[in-house]
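Each chain, letter by letter, is given below.
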Amino acid sequence: MFPQFLAAAGVLAVLTMVPGPDMAVVTKRAVSSGWQDGLRTIGGITTGLLVWGVLAVAGLAAVLAASATAYTAVKLAGAAYLLFLGVQALVHSRRVRSRPVAPAGAAPAGNPWRTGLVSNVFNPKIAVFYTGLLPTLAPTGLAPHTGMALLVLVHAVLTTVWLGGYVVLLARARALFEKPAVRRAMERVTGFVLIGFGLKVAATQP
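A brief look at the structure comes next. Source: prediction; values computed, not measured.

**Examining the overall build of the chain**
Phase 1: Within the chain one finds 11 helices and 0 strands.
Phase 2: The linear arrangement of helices and strands in the chain, starting from the amino end, is α-α-α-α-α-α-α-α-α-α-α.
Phase 3: On C-alpha atoms alone, the chain measures out to a radius of gyration of 18 Å, which is about the 17 Å that the 2.2 N^0.38 rule sets for 206 residues.
Phase 4: Projected onto its principal axes, the C-alpha positions of the chain cover 60 × 35 × 25 Å.
Phase 5: Looking at the chain residue by residue over its 206 residues, the buried ones come to 41%.
Phase 6: Sequence separation of 24 or more characterises 87% of the internal contacts of the chain that already satisfy a separation of 6 or more.
Phase 7: Carbon together with sulfur atoms contributes 73% to the accessible area of the chain, which is approximately 10,000 Å² in total.
Phase 8: Mean positive and mean negative side-chain charge positions of the chain (17 and 4 charges, respectively) differ by 6 Å.

**As for the layout of surface pockets**
Phase 1: Taken as a whole, the largest pocket holds about 660 Å³ of empty space.
Phase 2: Every residue lining the largest pocket is counted, 21 residues in all, and those nearest its centre are Leu15, Val18, Gly20, Pro21 and Asn123.
Phase 3: Those elements that provide at least two residues to the lining of the largest pocket are helix H1 (2–17), helix H2 (21–33), helix H7 (124–132), helix H9 (144–172) and helix H11 (180–203).
Phase 4: Among the residues making up the lining of the largest pocket, the classes are represented as 11 nonpolar, 7 polar and 3 charged.

**As for the packing of H1 against H9**
Phase 1: The geometry of H1 relative to H9 is characterised by a closest axis approach of 10 Å and an angle of 40 degrees between their N-to-C directions. The orientation of H1 relative to H9 falls into the category oblique. In this structure, H1 meets H9 at a crossing whose hand is right-handed. Of the residues in H9, those touching H1 at Phe5, Ala8, Ala9, Leu12, Ala13, Thr16 and Met17 are Leu150, Leu151, Val154, His155, Leu158, Thr159 and Trp162.
Phase 2: Per-class residue counts for the contact of H1 with H9 are 11 nonpolar, 3 polar and no charged.

The rules behind the values
Residues numbered from 1 in each chain as written. Predicted model: local features only at pLDDT ≥ 70, side-chain atom pairs only at ≥ 80, totals over all residues. Heavy atoms only, no water. Helix = DSSP H or I, 4+ residues; strand = E, 2+ residues; numbered from the N terminus. Rg over C-alpha atoms; globule rule 2.2 N^0.38 Å. Buried < 20%, exposed > 50% of the residue type's maximum accessible area, 1.4 Å probe, protein only. Contact = heavy atoms within 4.5 Å. Areas by Shrake-Rupley, 256 points an atom, 1.4 Å probe, with all protein chains shown as cover. Lys, Arg positive; Asp, Glu negative; His and termini not counted. Charge placed at Lys NZ, Arg CZ, Asp CG, Glu CD. 1 Å grid on protein atoms, 1.4 Å probe; cavity = no way out; pocket = protein on both sides within 12 Å on 5 of 7 lines; lining within 4 Å. Points joined across faces, edges and corners; volume = space filled by probe spheres on them. Nonpolar A, V, L, I, M, F, W, Y, C, P; charged D, E, K, R; others polar. Axes fitted to C-alpha atoms, helices over the stretch in contact; angles between N-to-C directions. Parallel < 35°, antiparallel > 145°, perpendicular 65-115°, else oblique. Left-handed = near helix turned anticlockwise from the far one by under 90°.

Laid out in structure tokens, this is it:
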């Protein structure tokens, strides 16, 4: 059982490190509002994973994965949200002049935890992943629901650690991101990336 668990954790680690919408959303918040907002966004993303995990274990995510109508509704909602975040980043990039990165404790522009949660919950690919791949990775020595729940927790921890380390790296480069030209460039890059992911999500099939 333990070798199976390690193999499953390795697969989850690789999937976690692949750049995707979560990393783009975290980058946007960390660059525009500071590392604390970046960490709060990660908290929302992790909560979203746990929500999908509960639904998967309960069997509800399988219904979404099997229903073309439900899948399309969630897909379009998620795509629209990513497009909104992307356009918002591009608009903010036009306003960057000499305004510094938000200091610790400053009021955030919108709730970063909610931003992470919404972007993750409205990603139907996680439903497909949790219902299609996760059961095949669950250790055979455990009950199916127990094995899946354990892997969901592992995935949440890996996501938190990976994105948290990424935010720490961004924080160490704070002096660089305080330069208006760099912040404009990062806002524009993340804006276009989010828009790209939004279009990709909208075009995906179950």
